[in-house]
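# Reading the structure
What follows is each chain in one-letter form.
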Amino acid sequence: MALMKWGLGRQKLRLLKRSSLLLKLLAIVLAVLLFCEFFIYHLVISRCNWPELKTAVHDGGQEPVLRAMFLADTHLLGEIKGHWLDKLRREWQMERAFQTALWWLQPEVVFILGDIFDEGKWSSSQAWADDVQRFQKMFRHPNHVQLKVVVGNHDIGFHYQMNRYLVKRFEKVFNSERLFSWKGVNFVMVNSVALEGDGCDICSQAEAELIEISRKLNCSQKVQGSGQCGGGQQLPLSAPVLLQHYPLYRTSDANCSGEDAAPPEEKNIPFVEKYDVLSREASQKLLWWLQPRLVLSGHTHSACEVLHAGGVPELSVPSFSWRNRNNPSFIMGSLTSRDYALSKCFLPFEDTVLTMYSGAAGFLVVLILAHFECLASLFLLGWNLLRMHRTRLRL
């Protein structure tokens, strides 16, 4: 009878130990998952702050400051090239980053500078609808936050792939505007894919729209009703911020610096006009027609700051996705009609998250081996193998 009780006691002890091990393993796995998939975004993004702006006082009052976020190249994967695991991992990263940024930073407007989708240029109607639905879920936002989207070459194709159907399909979903004004700040959003300069119908229409916007901007600096301006509603008296997918012309990224600039092996590769950057002619036209005070662009997936003729600064915004960069980021802008200040907010690095998962996996293996008292045996086995190896070397 005593032996039976003793046996039952040992069996209960083993069950308790196993349950204890399972609870420990479950707690560790759950803690790592919660930190790597949720809390790390809060930890990183909460440290970002809106740039300070010395707001000038005009007409007896303080100018309102517009808080705007700029991100680029989300490249939501499609059904052709997109693996389900790749989709799940990278799109979850972008969704958590965007939602966390909205929660902490509370921007008033968000601009995405093209290449929203990876396969928009050739996706079927059903695939396009599926991709749009995923985008709307990932980048959902409160009604008081405006989301503005600029078209990119992966959304409608390069110039030789672009057609009216693809352009209209994109504009139907995103209601693409060319001119947007808020709190005294003018934004011009350009279809840079259509600035080929070859006189195609879409290109001619895009240029005509930009010339009309140029006229409106010029009229905002004149007395209403004078000349060709007519009596319509005037734009705010403010030089515009130019937003587009392709960067303005530059020879390469050789002069770009910073931790999120192009890798050293890519910096000196010459850019191809109308493919990597806009042509010289198109760039000059945009600067002449619009006379912007700031240009923001995407496409290269890397950061770069360029000063163009006339002292116009351009900032290339890096990709928002881990698929294109280990250290994605977005730009935070505080803007008034006369001034602006920009700062960068980095997202969690992908290699940091992978390292944490690897470390946790290694710790779990050690914990399991220790529980089953295998560590000592493995240590002795390794020590004996090392001694045998040394003995052979001596012989």
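So, a few notes on the structure that sits alongside this text. (Residues numbered from 1 in each chain as written. Predicted model: local features only at pLDDT ≥ 70, side-chain atom pairs only at ≥ 80, totals over all residues. Heavy atoms only, no water.)

### Overview of the pattern of salt bridges
One pass over the structure, following the stated rule, counts 19 salt bridges. The partner of Arg-323 in a salt bridge is Asp-118, and the shortest N-O contact between them spans 3.9 Å. Linking Arg-323 in the loop between strand S11 (312-316) and strand S12 (329-335) with Asp-118 in the loop between strand S4 (109-113) and helix H3 (125-138), this pair joins segments that are 205 residues apart in sequence. Take Arg-323: its relative accessible area is 32%, and that puts it in the partly exposed class. Taking the relative accessible area as the measure of exposure, Asp-118 reaches 5% and is therefore buried. For the salt bridge of Asp-260 with Lys-344, the shortest nitrogen-to-oxygen distance reads 2.6 Å. Residue Asp-260 is located in the loop between strand S8 (241-243) and helix H7 (264-267), and its partner Lys-344 is located in strand S13 (residues 340-346); the two are separated by 84 residues in the primary sequence. Owing to a relative accessible area of 4%, Asp-260 belongs among the buried residues under this scheme. (Salt bridge = Lys/Arg side-chain N within 4 Å of Asp/Glu carboxyl O. Helix = DSSP H or I, 4+ residues; strand = E, 2+ residues; numbered from the N terminus. Buried < 20%, exposed > 50% of the residue type's maximum accessible area, 1.4 Å probe, protein only.)

### Things to note about the packing of aromatic side chains
Pairs of aromatic rings are described using the distance from one ring centre to the other and the angle between the two planes. Per the counting criterion, the structure on display carries 19 aromatic pairs. Between the aromatic rings of Phe-135 and Phe-174, the centroid separation amounts to 5.4 Å while the plane-to-plane angle is 80°, which identifies the pairing as edge-to-face. In this pair, Phe-135 is assigned in helix H3 and Phe-174 in helix H5 (residues 164-174), connecting sequence segments 39 residues apart. Given the relative accessible area of 13%, Phe-174 is considered buried. Seen in terms of ring centroids, Phe-158 and Tyr-160 are 6.0 Å apart; in terms of plane orientation they differ by 10°. Their pairing is stacked. One residue, Arg-96, lies across the ring of Trp-92, its end atom 5.5 Å from the ring centre. (Phe/Tyr/Trp six-rings, centres within 6.5 Å; stacked < 30°, edge-to-face > 60°. Lys NZ or Arg CZ within 6 Å of the ring centre and 35° of its normal.)

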